[in-house]
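The lines below spell out each chain.
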Amino acid sequence: MEIKLNSWDINDAIEEYLEKKYSLKININNLEDYLYLEHDELEYEYEKHKNGKVKKDKDGCKIIKESNYVTKHVCLDNVCSISFYVDTFNEE
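Quick caveat, the model's predicted, so the values are computed rather than measured.

Thresholds applied
Residues numbered from 1 in each chain as written. Predicted model: local features only at pLDDT ≥ 70, side-chain atom pairs only at ≥ 80, totals over all residues. Heavy atoms only, no water. Helix = DSSP H or I, 4+ residues; strand = E, 2+ residues; numbered from the N terminus. Rg over C-alpha atoms; globule rule 2.2 N^0.38 Å. Buried < 20%, exposed > 50% of the residue type's maximum accessible area, 1.4 Å probe, protein only. Lys, Arg positive; Asp, Glu negative; His and termini not counted. Charge placed at Lys NZ, Arg CZ, Asp CG, Glu CD. Patch = residues over 30% accessible without salt bridge, like charges linked within 9 Å, V, L, I, M, F, W, Y side chains within 5 Å. Areas by Shrake-Rupley, 256 points an atom, 1.4 Å probe, with all protein chains shown as cover. Salt bridge = Lys/Arg side-chain N within 4 Å of Asp/Glu carboxyl O. Phe/Tyr/Trp six-rings, centres within 6.5 Å; stacked < 30°, edge-to-face > 60°.

Enquirer: Explain the overall build of the protein to me, and be specific about the residues and the numbers.
Expert: When helices and strands are counted, the protein shows one helix and four strands. Moving toward the C terminus, one meets the helices and strands of the protein in the order β-α-β-β-β. At 21 Å, the protein has a C-alpha radius of gyration far larger than the 12 Å of a compact globule built from 92 residues. In terms of overall dimensions, the protein has C-alpha extents of about 60 × 40 × 25 Å along its principal axes. Counting across all 92 residues of the protein, residues that qualify as buried make up 9%. Of note, the protein has its 13 positive side-chain charges centred 14 Å away from the centre of its 21 negative side-chain charges.

Take a look at the structure:
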C-alpha cells in the first residue's frame, strides 16, 4: 500500500513534532522561506581516454575512477510530496 504525504501534511507533522519535543508553537506556512531537505547523493567520476570519451569495460559498462558523496538540498515547497510503501500483509 502506498502512503503519500503532500506538503501540507508534512508541515503539519513538523509543527506537531516541534510542539511536542521543543514546546515551540510556530506556523511553518508563515516562515519567510520554504523548508529544505538535505540529502547525500553518490556521484561518480569515470575514467576517460585522451580524447575525452568515457572508457568502458568488456561488458560496455563505464569504468568508475572515483565515487564521492555530495550533499544536496531540495526545497519542500507547496507542490512536493513524500511517498512510501507499507507491506500490509506481514503485520505482526
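Enquirer: Could you give an account of the side chain of N11, naming the residues involved and the relevant values?
Expert: Its location among the elements puts N11 in helix α1 (residues 7-22). Among the residues examined, N11 registers a relative accessible area of 7% and is labelled buried.

Enquirer: Pulling in residues and values, what's your account of a nonpolar patch on the surface?
Expert: A cluster of nonpolar side chains, contributed by L5, I82, F84 and V86, occupies part of the molecular surface with about 280 Å² of accessible area. Its place among the elements puts L5 in strand β1 (residues 2-6).

Enquirer: Go over unusual backbone geometry with me, naming the residues and quoting the values.
Expert: Most peptide bonds adopt trans geometry, and most residues besides glycine take a negative phi value. For S23, which is not a glycine, the phi torsion comes out positive at approximately 55°. Mapping S23 onto the fold places it in the loop between α1 and β2 (35-46).

Enquirer: Report on the packing of aromatic side chains, specifying residues and quantitative values.
Expert: Applying the stated rule across the entire model yields two aromatic pairs. Ring geometry for Y17 versus Y22: centroids 6.3 Å apart, planes at 80°, classification edge-to-face. For Y17, a relative accessible area of 45% translates into the label partly exposed. Assessed through its relative accessible area of 48%, Y22 is described here as partly exposed.

Enquirer: Please set out the pattern of salt bridges residue by residue, giving values where relevant.
Expert: If you walk through the whole model with that rule in mind, you get five salt bridges. In this structure, the salt-bridge partner of K20 is E16, at a minimum N-O distance of 3.8 Å. Residue K20 and its partner E16 are both found in helix α1; the two are separated by four residues, about one turn of the helix. What makes E16 partly exposed here is its relative accessible area of 47%. Between E19 and K25 there is a salt bridge, with its nearest N and O atoms 3.8 Å apart. Beyond isolated ion pairs, a larger network of salt bridges with shared partners links E41, E43 and K72.

Geometric values such as these leave the question of function open.
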